[in-house]
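Working through the structure, step by step
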Amino acid sequence: MSALRPIQLRVQRSRKHTKNMKLQKVLWRALFAVFFILLLQGVRGLLTGASSFVVCNAAGSWSLAIPSTLLMVFGVIFLLGAFFFGLQSGNQQESLGWLLIFSGGASNLWERFIFGCVTDYISLFFFPTFNGADILITIGVLCILFASLGVKFVTRNNILNT
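Here is a short report on the structure shown in this document. Small disclaimer: the values here were computed from a predicted structure and weren't measured.

Turning our attention to the state of the cysteines. All chains considered together, the criterion is met by one disulfide. Two residues share a disulfide in this structure: cysteine 56 and cysteine 117, whose sulfurs sit 1.6 Å from each other. With the S-S bond torsion at -90°, the cross-link from cysteine 56 to cysteine 117 turns out left-handed. Here the residue cysteine 56 occupies a position in strand β1 (residues 55–57), and cysteine 117 occupies one in the loop between α3 (92–115) and β2 (118–120), the gap between them amounting to 61 residues. Taking the relative accessible area as the measure of exposure, cysteine 56 reaches 51% and is therefore exposed.

Pasting the structure below:
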């Protein structure tokens, strides 16, 4: 009986270590998301005050006429899904993609909730007006797409490895 005691202690320590690692993973991702949300909101504040070409998009993506309440409900559901898909992913590149999608989506949802619209401030003559959060979402989708195709550009030595 006494010979089993050290093995049981190691198993308990291992479970505790695994639980701590998962918590650390969640906290790093949350900090990453908060950083990008604050960065995007700061850029929004700077550019909306300095730029004469700012669009307050009260509709959905590509100006689709969708009720704001419906957009917010689906947005929250989608953001929760993106966050948890990112946590469950074993692929670092895919996990980064989900995290970028979550950060950009949360920034857009925050703007919609606070201001009643999403502020678009980047205008290219050949493309609809968009914002920094849309760029993050697009890069996130590309990360997931490339990960599913086996194209790797995220290495093991990055912030998601912690």
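Here the narrative resumes, following the displayed structure.
For the rest of this paragraph, the subject is the packing of aromatic side chains. Per the stated rule, a full pass over the model turns up six aromatic pairs. Consider the rings of phenylalanine 83 and phenylalanine 84, whose centres lie 5.9 Å apart with planes at 85°: the pair is edge-to-face. Assessed through its relative accessible area of 16%, phenylalanine 83 is described here as buried. Exposure remark for phenylalanine 84: the relative accessible area of 45% places this residue in the partly exposed category. Centroid distance phenylalanine 83 to phenylalanine 102: 5.1 Å. Interplanar angle 55°. Geometry classified as tilted. With phenylalanine 83 in helix α2 (residues 68–88) and phenylalanine 102 in helix α3, the pair connects residues that are 19 residues apart, well separated along the chain. Phenylalanine 102 sits in the buried class, given a relative accessible area of 17%. Connected via pairs of aromatic rings, a cluster forms that spans Phe32, Phe35 and Phe36. In this structure, arginine 44 is placed above the aromatic ring of phenylalanine 115, and the distance from its NZ or CZ to the ring centre is 3.9 Å.

Moving on: the side chain of threonine 119. In this structure, threonine 119 sits in strand β2. With relative accessibility at 4%, the residue threonine 119 sits in the buried group. A distance of 3.1 Å separates the side chain of threonine 119 from the side chain of arginine 44, its partner in a polar contact. Among residues more than four places away in sequence, those in contact with threonine 119 are Arg44, Thr48, Val54, Val55, Glu111 and Asn131.

Rules used in this analysis
- Residues numbered from 1 in each chain as written.
- Predicted model: local features only at pLDDT ≥ 70, side-chain atom pairs only at ≥ 80, totals over all residues.
- Heavy atoms only, no water.
- Disulfide = S-S within 2.5 Å.
- Helix = DSSP H or I, 4+ residues; strand = E, 2+ residues; numbered from the N terminus.
- Buried < 20%, exposed > 50% of the residue type's maximum accessible area, 1.4 Å probe, protein only.
- Phe/Tyr/Trp six-rings, centres within 6.5 Å; stacked < 30°, edge-to-face > 60°.
- Lys NZ or Arg CZ within 6 Å of the ring centre and 35° of its normal.
- Polar contact = N/O pair within 3.5 Å; in protein donor to acceptor, adjacent residues only side chain to side chain.
- Contact = heavy atoms within 4.5 Å.

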